[in-house]
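Now for the letters of each chain:
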Amino acid sequence: MLGAQLSLIWVLPFAGLLLSIALFPVLRGAFWNRHHGKVAAFWALAFLAPFAALYGVAPAWGELIHVAADEYVPFILLLLALYTVSGGIWLSGPFGGTPFRNTATLAAGMVLASFAGTTGASVLLIRPLIETNRERSHNVHVFVFFILLVGNIGGALTPLGDPPLFLGFLLGVHFFWPIRNLLLPTAALSGILLFAFFLIDSYHARSEDKDHPSRRRPRWHIAGAWNFMLLAAIVGAVLVSGVWHPGIEVPVAGAKVPLQSVMRDGILVLVAILSFIVTPKAVHKANEFAWFPILEVAKLFAGLFVTIIPAIAILKAGSHGALGALIHLTSDAQGQPIESAYFWLTGGLSSVLDNAPTYLIFFNMAGGDAGHLMGPLAGTLVAISAGAVFMGANTYLGNAPNFIVKSICEHRGVKMPSFFGYMLWPAVFLLPLFLAGSFVFFRL
């Protein structure tokens with residue numbers, strides 16, 4: 001209800017946090033490394049304090065509890081479980097180091113991402129990929145394309161791959177609908193990107209010593225393999241929570257949380273604890289396992305989840321909100337949905353906002369009936385799904401694996417691009433393909 005009353009000035013704390021994430025690491029790197037959590041808290045309070053003063057403490061507290069119980073806590077617990085379990089698996093083998101093996105690893109990671117999630121696949125494969133490319137003098141492109149392909153595009157084929165598709169599954173979209181309807185655009189986009197990556201990697205490989213240690217073929221070896229069972233338990237817990245609805249709610253800090261969500265989150269916590277306790281220290285040492293990357297993500301996304309409250313509320317207000325002009329762009333004069341508009345608006349907002357609620361907003365804007373959207377409006381649902389999943393690669397904030405991969409790489413000595421520096425890669429390699437895809441798939 002408040003969404004229609006809020007002006008765009010309420011989005012300024014969110015914009016301030018985005019700029020802080022973009023500029024502080026470049027301008028005040030040492031300060032940022034020590035105090036990024038405090039910066040995120042400052043911007044969260046910059047929204048909460050005025051909101052509470054104008055609309056009352058109760059609505060402010062209610063919004064905070066809602067975003068914590070329904071969105072942030074499940075989000076961060078899933079990341080924590082995947083991060084901990086994947087960090088307990090040490091993989092050694094020919095995952096990279098040469099153009100062919102790097103490309104094959106990215107392709108395999110994409111397949112894994114649709115079944116273990118983009119976060120699970122990213123955390124599992126990024127460490128061996130770093131290790132096999134550590135000694136290469138030009139390796140940043142490897143990890144940027146890893147984010148594009150494994151951390152985002154690869155999650156487009158099942159509801160387990162990316163949160164927006166799982167949300168669609170909860171709303172009635174069939175489990176195999178994404179692979180039947182998104183396979184062609186996913187294959188076209190990923191095929192072109194893999195080919196472009198192979199050419200770039202081959203160019204850099206030719207300029208390096210052919211006898212470089214990173215080009216030798218390491219032996220296959222897996223330690224902590226039992227963590228794969230825990231990884232399956234995570235996937236199972238998430239899947240069951242989406243299909244089991246006992247109709248029981250549990251009161252938690254003033255919020256009513258469905259029993260299936262409590263069950264899922266409890267299993268995720270237990271799995272993370274069990275994995276960390278039982279995994280041999282030698283495996284964690286080999287993986288250079290550290291809590292800093294997940295703690296950084298937890299602090300920054302806590303601020304982001306709070307500061308996007310007004311942005312999501314304004315969008316939910318539809319044509320009655322401050323962004324009503326954008327909403328009108330999704331339909332033509334006859335009231336029929338414009339697929340390309342859904343693709344670009346869903347994708348553009350998913351690049352900086354949480355792509356799950358963004359998906360939900362446009363899903364409901366297109367009618368909200370899963371059966372109708374899978375039938376006569378299938379093209380619209382494809383546009384919404386593709387925009388939410390594909391364009392999460394546009395910024396470090398577009399999808400959680402982006403920031404996790406960046407943090408892990410930097411923790412292990414890889415100099416990743418800055419916030420704006422990273423955005424140049426999608427601008428060059430993704431946006432032209434998105435534009436072409438709009439003509440081919442979304443009737444631009």
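Residues numbered from 1 in each chain as written. Predicted model: local features only at pLDDT ≥ 70, side-chain atom pairs only at ≥ 80, totals over all residues. Heavy atoms only, no water.

Draft legend 1. Fine view of a nonpolar patch on the surface. Taken together, Val269, Ile273, Leu274, Phe276, Ile277, Val278, Trp291 and Leu295 make up a surface patch of nonpolar side chains, about 700 Å² in accessible area. A total of 6 residues in the nonpolar patch trace back to one element, the largest contributor, which is helix α9 (residues 259-278). For Val278, the location among the structural elements is in helix α9. (Patch = residues over 30% accessible without salt bridge, like charges linked within 9 Å, V, L, I, M, F, W, Y side chains within 5 Å. Areas by Shrake-Rupley, 256 points an atom, 1.4 Å probe, with all protein chains shown as cover. Salt bridge = Lys/Arg side-chain N within 4 Å of Asp/Glu carboxyl O. Helix = DSSP H or I, 4+ residues; strand = E, 2+ residues; numbered from the N terminus.)

Draft legend 2. Looking closely at unusual backbone geometry. In the Ramachandran plot, Glu288 falls in the positive-phi region, its phi being about 55° despite a non-glycine side chain. If you trace the backbone, Glu288 turns up in the loop between α10 (281-286) and α11 (292-307). What makes Glu288 partly exposed here is its relative accessible area of 36%. (Buried < 20%, exposed > 50% of the residue type's maximum accessible area, 1.4 Å probe, protein only.)

Draft legend 3. Representation of the packing of aromatic side chains. Summed over the entire model, instances satisfying the criterion amount to 32 aromatic pairs. Ring geometry for Phe24 and Trp32: centres 5.8 Å apart, planes at 10°, overall stacked. Using a relative accessible area of 27% as the deciding quantity, one classes Phe24 as partly exposed. Clustering of aromatic rings is evident, with ring pairs tying together Phe343, Trp344, Phe434, Phe441 and Phe442. Cation over ring: Lys406 sits above Phe403, and NZ or CZ is 5.5 Å from the ring centre. (Phe/Tyr/Trp six-rings, centres within 6.5 Å; stacked < 30°, edge-to-face > 60°. Lys NZ or Arg CZ within 6 Å of the ring centre and 35° of its normal.)

Draft legend 4. Inspection of the packing of helix α19 (residues 419-429) against helix α20 (residues 431-441) at higher detail. Remark: α19 packs on α20, axes separated minimally by 3 Å, with the N-to-C direction vectors making an angle of 35°. Residue-level inspection shows Pro426, Ala427, Val428 and Phe429 of α19 in contact with α20, the latter providing Leu431, Pro432 and Leu433. (Axes fitted to C-alpha atoms, helices over the stretch in contact; angles between N-to-C directions. Contact = heavy atoms within 4.5 Å.)

Draft legend 5. Structural view of the environment of Val240. Positionally, Val240 belongs in helix α8 (residues 227-243). Since its relative accessible area comes to 38%, Val240 is described here as partly exposed. Through-space distance from the C-alpha of Val240 to that of Gln260 is 7.9 Å; in sequence the pair is 20 residues apart.

Draft legend 6. Region of interest: helix α15 (residues 355-365). For α15, the buried fraction is high: 8 of the 11 residues fall into the buried class. Along α15, the residues classified as buried are Asn355, Ala356, Pro357, Thr358, Tyr359, Ile361, Phe362 and Phe363. Among the structural elements, α6 (163-170), α12 (309-316), α14 (339-350), α16 (370-374) and α17 (378-390) are those in contact with the buried residues of α15. After α15 finishes, the residue Gly367 shows a positive phi value of roughly 125°.

Draft legend 7. Representation of the side chain of Thr395 within the structure. Here Thr395 is to be found in the loop between α17 and α18 (400-411). A polar atom in the side chain of Thr395 sits 2.5 Å from the backbone oxygen of Ser351. Ignoring sequence-local partners within four residues, the contact set of Thr395 consists of Ser351, Asn402, Phe419, Tyr422 and Met423. (Polar contact = N/O pair within 3.5 Å; in protein donor to acceptor, adjacent residues only side chain to side chain.)

Draft legend 8. Up close: the confidence of the model for the protein. Scored by pLDDT, the protein has a mean of 87; 96% of the residues are at 70 or more. Per-element mean pLDDT across the protein ranges from 77 in strand β1 (residues 90-92) up to 96 in helix α5 (residues 140-149). (pLDDT = per-residue confidence, 0-100.)

Draft legend 9. Layout of the packing of α14 against α15. Where α14 meets α15, the axes come as close as 9 Å, and the angle between the chain directions of the two elements is 155°. What the angle tells us is that α14 and α15 run roughly antiparallel. Between α14 and α15 the crossing geometry is right-handed. Facing Tyr342, Leu345, Thr346, Leu349 and Ser350 of α14, the residues of α15 in contact are Asn355, Thr358, Phe362 and Met365. Looking at the contact of α14 with α15 residue by residue, the classes come out as 5 nonpolar, 4 polar and no charged. (Parallel < 35°, antiparallel > 145°, perpendicular 65-115°, else oblique. Left-handed = near helix turned anticlockwise from the far one by under 90°. Nonpolar A, V, L, I, M, F, W, Y, C, P; charged D, E, K, R; others polar.)

Draft legend 10. Looking closely at the pattern of salt bridges. Summed over all chains, the structure comprises 7 salt bridges. Of the charged contacts, one joins Arg134 and Glu131 as a salt bridge, the two residues approaching to 3.2 Å between their closest N and O atoms. Residue classification places Arg134 among the partly exposed residues on the basis of a relative accessible area of 30%. As a salt-bridge pair, Glu288 and Arg412 come within 3.9 Å of each other at their nearest N and O atoms.

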